[in-house]
Amino acid sequence: MENFYDYKKYKILYVDDEEKSLKYFREIFGEKFTILTAPSPQEGLKLLNENLDSIGLFMTDQRMPGEKGVQLLEKARQSNPRIMRVLVTAYSDLETAIDAVNTGAIYKYVTKPWDIPQLEVTLRRGLEFFMVQSERDQLMREKISALHSIMMTDRILSLGVLAAGLGHHIRNSMVAVKTFLDLTPKRMEEEQIDLNRLRNPDFWKDYYQKVQGQMDKVVSLLGDLWETSNRPLPSYNDKVRLDQVLADALQAAQGDLTARKVQVENQVPGGLPELTVDKAKFQRLFEMLLKDEAVSLPAGSKVKIKASVVGPKEGPAEVLVELEDNGPGIPEDGLRSLFDPFFTRSGSPQEFGIYLMSCFFIVYHHGGRITVKNRAEGGTHFGLAFPVAPPTAAALNEERDLMAKILVNESLWEKLLAGN
C-alpha cells in the first residue's frame, strides 16, 4: 500500500513551545516525512503562509503561551481548509480536543506522551487523505474542463458549418448579381428594362465593384472563421519562435495598420522558449488581432506588444503575450460580448466581429486562453497565454491510480462519501 503514496511530497508542520518535543519529532519522523517545525504560534503561522501550497498536515500542541492550539488550527483552516489538522493535547484537555474533532475543527487529536507507532499511522493516514482529496479535486477540474471542451467543440463545429454555408450562398448570389449587371444596353432594351437608373452601365459597374469588395470581405472573414473553427489534431509539429511569428504577422498586417496610421511597438524578446503549434494558424491569429486593432482604433493610435514566461509554482510554464493599446477601451457590457461575431469594437456597421472570434478559436485549440480588460489609464489589454509544451496529461491513468488508492484504504470511503 505504501507504494501508492509519496509521503515526502507534502510537508508536515509541527508547532510546539517545547524544543525537546520538536527535536524528538524531527529525529523520529525526519526520514519518513518532510518535516517543518516552529517553536511558537507566530513562527508557525509564518511557516504556514510561506509553504501554504506544499503543507499537507499541520500539527500543534494545545497548550502554548499566548495562543491555544485549537485557535492556531482554526487560522490554518481559514488559510487552506484542505490541510489536515492534528491537535496534540494532554489528558486534562481531552474534552477540548473531542469537541474540536466533533465540530470539524481538526482531523484528529493525539495525546502526550506519544504512542510512536500510533502517531506514525495518524500522520500517514492524514497525508493519504490530503493527497486523495487533492487528486480528486484535480480530476474534477479535468472532468469539468473536458466537458467544457466537448460543449465548445460542438459550438465551434456548428459555427464552422454555418460559415461554410454562408460563404457558398454569398458566392452563388454574387453570380446572379454579376450576370444582371453585365447586361449591355441592347440587352437591357430587349429585356424591356427601361428604368432611367438602369440605363447607365458605368454607374452599375462602379456600384458592382463596391458591392463586390464588401462581399469579398465577408467571404474572406467567413473563410477565416471556417478555417479557425476546424479543430486540429491533438498534437502539433511546428516549432516556432514567438518573436519571428510576431514579425511576420506585423508585416502581413502592415497595410491595414499604415492606412489607419496605427503605430505598433514590438517588445517581444528573442530568448523565449519555442512553442509547439500549428504555424499557419498561429501566425494568422496575430495577423487578425492586429487587423482588429487597425479597424477598431482611432487613427494615430499606438499599440504595444510584449511577452514573457509565466507559470504557477507547481505546473507547466506558459508564454504570456500582452497587447495593449491607447484607444477608447470597451464598454463593460461589450467585454462580455467581445468574441461574438456580431459585436464590433468600433460600432461601425461596416465592420465585423469575426476577427476576434477567430482569434478565440485559435487560442482555444492550442490549449491556451485569452482575456480582455480595460486598462486603468485608458485603452484595452489583451492577454494570450500558451503552454510551452502541448498538454499530455493522461487523465484516465490518473483516475485509475486514484481509484486504486481509495480501494486499498477503506477508512477513506466514509470521509469521501460524507464530503469532508
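Use the structure listed above.
Every residue gets a number counted from 1 within its own chain, in the order that chain's sequence is written. Thresholds applied to this predicted model are a pLDDT of at least 70 for local features of residues and 80 or more for the giving and counting of side-chain atom pairs; totals over whole chains, interfaces and linings are not thresholded and use all residues. Excluding hydrogens and water, the side-chain figures rest on all heavy atoms present in the structure.

Chemist: Explain the overall build of the chain to me, please; I cannot follow it from the model alone.
Modeler: Each helix and strand counted, the chain has 14 helices and twelve strands in total. Within the chain, buried positions represent 42% of all 420 residues. Between two residues, a contact is recorded if the distance between any of their heavy atoms is within 4.5 Å. Considering only contacts in the chain between residues 6 or more positions apart, those separated by 24 or more positions represent 70%. Reported accessibility uses the Shrake-Rupley method at a 1.4 Å probe radius. Residues are deemed covered only where the shown protein chains occlude them. Of the roughly 23100 Å² of accessible surface on the chain, a fraction of 54% belongs to carbon and sulfur atoms. By the criteria applied, helices consist of DSSP H or I runs no shorter than four residues and strands consist of E runs no shorter than two, each listed in order from the N terminus. We call a residue buried when its accessible area falls under 20% of the maximum for its residue type, exposed when it is over 50%, and partly exposed in between, using a 1.4 Å probe and counting protein chains only.

Chemist: What am I meant to see in unusual backbone geometry here?
Modeler: Keep in mind that most residues, glycine aside, have a negative phi and that most peptide bonds are trans. Cis geometry is found at the peptide bond from Lys112 to Pro113, where omega equals -5°. Here Pro113 lies in the loop between strand 5 (108-111) and helix 5 (116-181). Phi angles above zero are rare outside glycine, and Lys261 is one such case at about 55°. Among the secondary structure elements, Lys261 is positioned in the loop between helix 9 (254-259) and strand 7 (263-266).

Chemist: Quick question: what am I supposed to make of the pairing of strand 1 (residues 11-15) here?
Modeler: Most of strand 1 sits out of view: four of its five residues are buried. Paired strands, as defined in this entry, are two strands with at least two bridges between them according to DSSP. In the sheet, strand 1 pairs with strand 2 (residues 34-38) via five bridges, with the strands oriented parallel. From the neighbouring strand, Val15 faces strand 2, where its bridge partner is Ala38. Look down the strands so they point away from you; if the path from the first strand over the helix to the second goes clockwise, the crossover is right-handed. In this view, the connection linking strand 1 to its parallel neighbour strand 2 by way of helix 1 (residues 19-29) has right-handed handedness. As defined by bridge partners, strand 1 adjoins strand 3 (residues 55-61) across five bridges and the pair is classed as parallel. Bridge pairing links Tyr14 to Met59 in strand 3.

Chemist: Before we go on, may I ask you to explain the sheet that holds strand 2 in this structure?
Modeler: The pairing of strands in a sheet happens through backbone hydrogen bonds and is either parallel or antiparallel. Across the sheet, which stays open at both edges, the five strands sit in the order 2-1-3-4-5 with parallel pairing between neighbours. Sheet topology places strand 2 and strand 5 at the edges, where each strand pairs with a single neighbour. On average, adjacent strands in this sheet sit at an angle of 20° to one another, irrespective of strand direction. Angles here are taken between N-to-C directions and fall from 0 to 180 degrees, while the axes themselves are lines fitted to C-alpha atoms, restricted in helices to the stretch in contact. The strands touched by helix 1 within the sheet are strand 1, strand 2 and strand 3, with strand 2 carrying the most contacts at an inclination of about 175°. Helix-sheet contacts for helix 3 (residues 69-79) involve strand 1, strand 3 and strand 4 (84-89), and the interaxial angle to strand 3 is about 160°.

Chemist: What should I look at first to understand the nonpolar core in this one?
Modeler: In summary, soluble globular proteins display a tendency toward joint burial of nonpolar side chains. Here, the term nonpolar core denotes a set of buried Ala, Val, Leu, Ile, Met, Phe, Trp, Tyr and Cys residues that are joined through side-chain atoms within 4.5 Å. The biggest cluster of nonpolar side chains holds 38 residues, and the ones touching the most others in it are Leu242, Phe282, Leu285, Phe286, Val321, Leu384 and Phe386. Contributions of two or more residues to this core are made by helix 8 (242-252), strand 8 (275-277), helix 10 (279-296), strand 9 (302-310), strand 10 (318-325), helix 12 (354-365), strand 11 (369-374) and strand 12 (380-387). If one sorts the elements of this core by residue count, helix 10 sits on top with seven residues. If we skip the residues at most four places from it in the chain, Leu242 touches Val268, Leu272, Phe282, Phe286, Ala307, Val319 and Val321. By size, the runner-up hydrophobic cluster in this structure holds 25 residues, among which are Tyr5, Ile12, Leu57 and Leu123.

Chemist: What should I look at first to understand the packing of helix 2 (residues 41-50) against helix 3 in this one?
Modeler: Across the interface, helix 2 lies against helix 3 with an axial gap of 11 Å and an inter-helix angle of 15°. Judged by the inter-axis angle, helix 2 sits roughly parallel to helix 3. Our pair here, helix 2 against helix 3, has a crossing hand that is right-handed. Seen from helix 2, the contacting residues are Pro41, Leu45, Leu48 and Asn49; seen from helix 3, they are Leu72, Lys75, Ala76 and Ser79. Here the term charged refers only to Asp, Glu, Lys and Arg, the term nonpolar to Ala, Val, Leu, Ile, Met, Phe, Trp, Tyr, Cys and Pro, and the term polar to all other amino acids, Gly among them. Taken together, the residues of the contact of helix 2 with helix 3 break down into five nonpolar, two polar and one charged. To sort the angles, those under 35 degrees are grouped as roughly parallel, those over 145 as roughly antiparallel, those from 65 to 115 as roughly perpendicular, and the leftovers as oblique. Take the far helix as the reference: if the near one is turned anticlockwise from it by less than a right angle, the crossing is left-handed, and if turned clockwise, right-handed.

Chemist: Sorry if this is basic, but what is going on with the sheet that holds strand 9 here?
Modeler: With respect to topology, five strands assemble into an open sheet ordered 7-9-10-12-11, the strand pairing being mixed. Pairing within the sheet leaves two strands with one partner each, and these edge strands are strand 7 and strand 11. Neighbour-to-neighbour, the strand axes of the sheet open up by a mean angle of 15°, direction not taken into account. Bridge count for strand 10 against strand 12 is seven bridges, and the pairing is antiparallel. The partner of Val321 across the bridge, within strand 12, is Leu384. Across the sheet, helix 8 lies against strand 7, strand 9 and strand 10, angled at about 165° from strand 7, the strand it touches most. Running over the sheet, helix 10 touches strand 7, strand 9, strand 10 and strand 12 and is turned about 175° from strand 12.

Chemist: Can you help me understand the packing of aromatic side chains in this one?
Modeler: The relative placement of two aromatic rings is captured by the distance of their centres and the angle of their planes. Centres within 6.5 Å are what make two rings of Phe, Tyr or Trp a pair, Trp counting through its six-membered ring; a difference in plane orientation under 30 degrees is then read as stacked, over 60 as edge-to-face, and the rest as tilted. Evaluated as defined, the whole model comprises ten aromatic pairs. A ring pair is formed by Tyr7 and Phe33, whose centres lie 6.1 Å apart and whose planes are at 80°; its orientation type is edge-to-face. On the criterion of sequence distance, the pair formed by Tyr7 in the segment before strand 1 and Phe33 in the loop between helix 1 and strand 2 is long-range, its members being 26 residues apart. When sorted by exposure, Tyr7 lands in the same class as Phe33, which is buried. Ring geometry for Tyr14 against Phe25: centres 4.8 Å apart, planes inclined by 50°, an arrangement best described as tilted. Highlighted residues: Tyr14 in strand 1 and Phe25 in helix 1, separated in sequence by eleven residues. Feature note: the residues Tyr5, Tyr7, Tyr14, Phe25, Phe29, Phe33 and Trp114 constitute an aromatic cluster, connected by ring pairs. By definition here, charges over rings are those cases where NZ of Lys or CZ of Arg is within 6 Å of the ring centre and within 35 degrees of the ring normal. Cation over ring: Arg124 sits above Tyr7, and NZ or CZ is 4.7 Å from the ring centre.

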